[in-house]
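Listed here are the chains, written in short residue letters.
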Amino acid sequence: MVTIIPTSQLGNKPEWIHCPFCSTDALTTLEQVDPIGEANGLMLFLCCCMPVTVYKTLFAKDIRYRCSNCQNEVAYRHRVNGITVREPPAHIEEEYTSQGEQMKL
Ligand SMILES: [Zn+2]
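The rules we used
Residues numbered from 1 in each chain as written. Predicted model: local features only at pLDDT ≥ 70, side-chain atom pairs only at ≥ 80, totals over all residues. Pairing = 2+ DSSP bridges. Helix = DSSP H or I, 4+ residues; strand = E, 2+ residues; numbered from the N terminus. Buried ≥ 20, exposed ≤ 12 C-beta atoms within 10 Å, placed from the backbone. Core = buried A, V, L, I, M, F, W, Y, C linked by C-beta atoms within 7 Å. Contact = placed C-beta atoms within 7 Å.

**Brief notes about the pairing of strand 2 (residues 25-33)**
Right, so step 1: Sheet analysis places strand 1 (residues 16-18) next to strand 2, joined by three bridges and oriented antiparallel. Among the inter-strand pairings, Trp16 is bridged to a residue of strand 2, identified as Leu27.
Right, so step 2: Pairing between strand 2 and strand 3 (residues 62-67): six bridges, direction antiparallel. Opposite Thr29, over in strand 3, you have Arg66 as the bridge partner.

**Let's talk about unusual backbone geometry**
Right, so step 1: The backbone of Ser23 shows a phi angle near 55 degrees, a positive value even though the residue is not glycine.
Right, so step 2: Residue position: Ser23 is located in the loop between strand 1 and strand 2.

**Structural notes on the environment of Gln9**
Right, so step 1: As for its placement among the helices and strands, Gln9 is situated in the segment before strand 1.
Right, so step 2: By C-beta crowding, Gln9 is classed as exposed, having 11 other C-beta atoms within 10 Å.
Right, so step 3: Each C-alpha atom, one on Gln9 and one on Val85, is 9.5 Å from the other, the two residues being 76 residues apart in sequence.

**Considerations on the nonpolar core**
Right, so step 1: With eight residues, the main nonpolar core is built from Leu10, Ile17, Cys19, Ala26, Tyr65, Cys67, Val74 and Ala75.
Right, so step 2: Listed by contribution, the elements that provide at least two residues to this core are strand 3 and strand 4 (73-78).
Right, so step 3: Leu10 has contacts with Glu15, Thr28, Tyr65, Ala75 and Ile83, leaving out every residue within four places of it along the chain.

See below:
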């Protein structure tokens, strides 16, 4: 018996979701994305005198959630902006593209 949770409520461990890409109940796999990279040394230095909340924000990693069945990215958790649910390309694709073009202008 597994509990299926909404993709938007994924946490820091693998959980069961109903994958929108393969329409299967599958366990997510987590992939940590380190947005800091080479700046780590500098960040360590800067964070010596920073409040804990700032420290946590800077050092938290983004997390990419994949469906263990089809390997598609089902969600992405940004350390600041929160979780973004990925949807399979469908009728929304066109709308998304036009919004992107508007933002560039
Ligand atoms: Zn899937």
